[in-house]
Every structure is written in C-alpha cells, then in structure tokens.
Amino acid sequence: MLSLDSPAVERIRRHDRDRFLATLFAPAAHRPALWALLAFNLEVARVRETVTQPMLGQIRLAWWREAVAEAYGDGPVRRHEVATPLAEAIRAHAIRRERLDALIDGRERDLDPTPPATMDELLAYAEATSTRLIEAQLDVLGADSAVAGPAGIAWALIGLMRAVPFHAASYRSWIPDDVAGEAGLGADARFAPS
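Residues numbered from 1 in each chain as written. Predicted model: local features only at pLDDT ≥ 70, side-chain atom pairs only at ≥ 80, totals over all residues. Heavy atoms only, no water.

A. Structural context of the packing of aromatic side chains. Applying the stated rule across the entire model yields 4 aromatic pairs. Judged by centre distance (5.5 Å) and plane angle (65°), the ring pair of Phe-40 and Trp-64 falls under edge-to-face. On the criterion of sequence distance, the pair formed by Phe-40 in helix H3 (residues 31-45) and Trp-64 in helix H5 (residues 54-71) is long-range, its members being 24 residues apart. Of the two residues, Phe-40 and Trp-64, both sit in the buried class. Each residue in the set Phe-40, Trp-63 and Trp-64 is aromatic and connected to the rest through ring pairs, giving one cluster. Arg-78 extends its terminal NZ or CZ atom over the ring of Trp-63, reaching a point 4.6 Å from the ring centre. (Phe/Tyr/Trp six-rings, centres within 6.5 Å; stacked < 30°, edge-to-face > 60°. Helix = DSSP H or I, 4+ residues; strand = E, 2+ residues; numbered from the N terminus. Buried < 20%, exposed > 50% of the residue type's maximum accessible area, 1.4 Å probe, protein only. Lys NZ or Arg CZ within 6 Å of the ring centre and 35° of its normal.)

Following this line, the structure appears as structure tokens:
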C-alpha cells in the first residue's frame, strides 16, 4: 500500500492537490487505497502530455488496461509503484472493474486533439473520467455513489476551466464546437490574442 511519504503520493500532492487534500478527511485506514486510485488516475490522465504520438498513448493506456485486468485476476500482478498498490486496493475493497475500465476508455479522448463536437460529448467525457473515479473512491469507503454523477461532472468541468491557459498554450480547446458556434467563436478565435 502507498504511504504518505511515497513518490506516487508526492506526485498526487503536487499535481492533484485538491483531491489529495480531500483524502485527508477519509478514515486513515482507507487513505492508502484512495491514494492508489488517485495515483492511477494521474498516470492515465497524464498520458497525453508524456507521449509524442497518439499511438504511443494508446500503447500506454493498453498497458494500464492489462494491469487492471491482472488486478481482478487470481494471479500475480505487475510490479510497479502504482499498479501494485492499485491491485491491492482493488482486492481489499472490491472496487468495481467497470469504473476503472471506463476511466481508461475516457482518457482515450485526451489523445484526440480536436474539441468535443457537442456539449453532450464533453459531459460524457467528464462522466467517464471524473465520475468513475469518484465512484471507485466511494467503493473504497463503502459509501453510496448516488452523488458521484453530478459531483464528478462538476469536478471535471471546473478542472477543464482551470486548465484553459495550459490547454491554450498547446492550441487545444475543450470548448465544444456547438457551444463555440453559438458564441460565434471560430476555431482560430479560440486561441487569438485579445
């Protein structure tokens, strides 16, 4: 299991500070499993920024699919600073597999440089990534996941709004085409200096 002084938890603290701080309100016995989920989320969320080509991102996401599949099997799991504690968390807390599979599938969208076509597409992305992560965390806590949907979508949209400067620096926009069209923003206007 992950400990507070492990490198993976330090990366969460640095790159996903809000979620890290939220874990401190959980019972101490559950925190290592929550950190394992957040470390996994950070690994798959950062795939786009760590590869030079979408195909390499696909390969990295496939590696994570295999690691998750191993965690749900009866055999050994790969030795990795995040995959191993994730497998321990899965086995100790009965985290539902479909949540983690959906999260990885949702992160495939990150490899596409084009903005979402519709607001519905953006909301589906938010649900696949952020909502599924919250549901997995609630599995660890043994809590009802009824509020995960709205909370996850809100968390994802706020995160995307906060990351506008980061995405704009790489000429990437998460403003759906239908929303941009209603606002009269063409593709070039999304990145034009004011």
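B. Up close: a nonpolar patch on the surface. Taken together, the side chains of Met-119, Ile-175, Val-179 and Leu-185 define a hydrophobic patch exposed on the protein surface, amounting to about 260 Å² of accessible area. With respect to the helices, strands and loops of the structure, Ile-175 is situated in the loop between helix H10 (164-169) and helix H11 (177-182). For Ile-175, a relative accessible area of 34% translates into the label partly exposed. (Patch = residues over 30% accessible without salt bridge, like charges linked within 9 Å, V, L, I, M, F, W, Y side chains within 5 Å. Areas by Shrake-Rupley, 256 points an atom, 1.4 Å probe, with all protein chains shown as cover. Salt bridge = Lys/Arg side-chain N within 4 Å of Asp/Glu carboxyl O.)

C. View of unusual backbone geometry. For Ala-94, which is not glycine, the phi torsion reads 50° and is therefore positive. Tracing the chain through its elements places Ala-94 in the loop between helix H6 (83-93) and helix H7 (97-107). On the accessibility criterion, Ala-94 (58% relative accessible area) is exposed.

D. Examining the packing of H5 against H6 more closely. Two elements in contact, H5 and H6, have axes whose closest approach is 9 Å; the angle formed by their N-to-C orientations is 40°. Taken as axis vectors, H5 and H6 run oblique relative to one another. Crossing handedness for the pair H5 and H6: right-handed. Side by side, H5 and H6 meet where Trp-63, Trp-64, Ala-67, Val-68, Glu-70 and Ala-71 of the first sit next to Ala-83, Leu-86, Ala-87, Ile-90 and Arg-91 of the second. The residue makeup of the contact of H5 with H6, split by class, is 9 nonpolar, no polar and 2 charged. (Axes fitted to C-alpha atoms, helices over the stretch in contact; angles between N-to-C directions. Parallel < 35°, antiparallel > 145°, perpendicular 65-115°, else oblique. Left-handed = near helix turned anticlockwise from the far one by under 90°. Contact = heavy atoms within 4.5 Å. Nonpolar A, V, L, I, M, F, W, Y, C, P; charged D, E, K, R; others polar.)

E. Quick look at the pattern of salt bridges. Enumeration according to the criterion identifies 18 salt bridges in this entry. We note a salt bridge from Glu-70 to Arg-78, for which the minimum N-O separation is 2.8 Å. By relative accessible area, Glu-70 is classed as partly exposed at 27%. Residue class for Arg-78 comes out buried when judged on its relative accessible area of 19%. Among the salt bridges present, the one from Arg-132 reaches Glu-127, with a minimum N-O distance of 2.8 Å. The partly exposed category is assigned to Glu-127, whose relative accessible area is 33%. A single salt-bridge network, built from bridges that share partners, covers Arg-99, Glu-127, Arg-132, Glu-135 and Asp-139.

F. Summary view of H7. Those residues of H7 that fall on the buried side of the exposure criterion are Arg-99, Leu-100, Leu-103, Ile-104, Gly-106 and Arg-107. The buried side chains of H7 occupy one side of the element, clustering within an arc of 160° when seen end-on. Here the buried face of H7 lies against H3, H5, H6 and helix H8 (119-141). (Arc of directions from axis to C-beta.)

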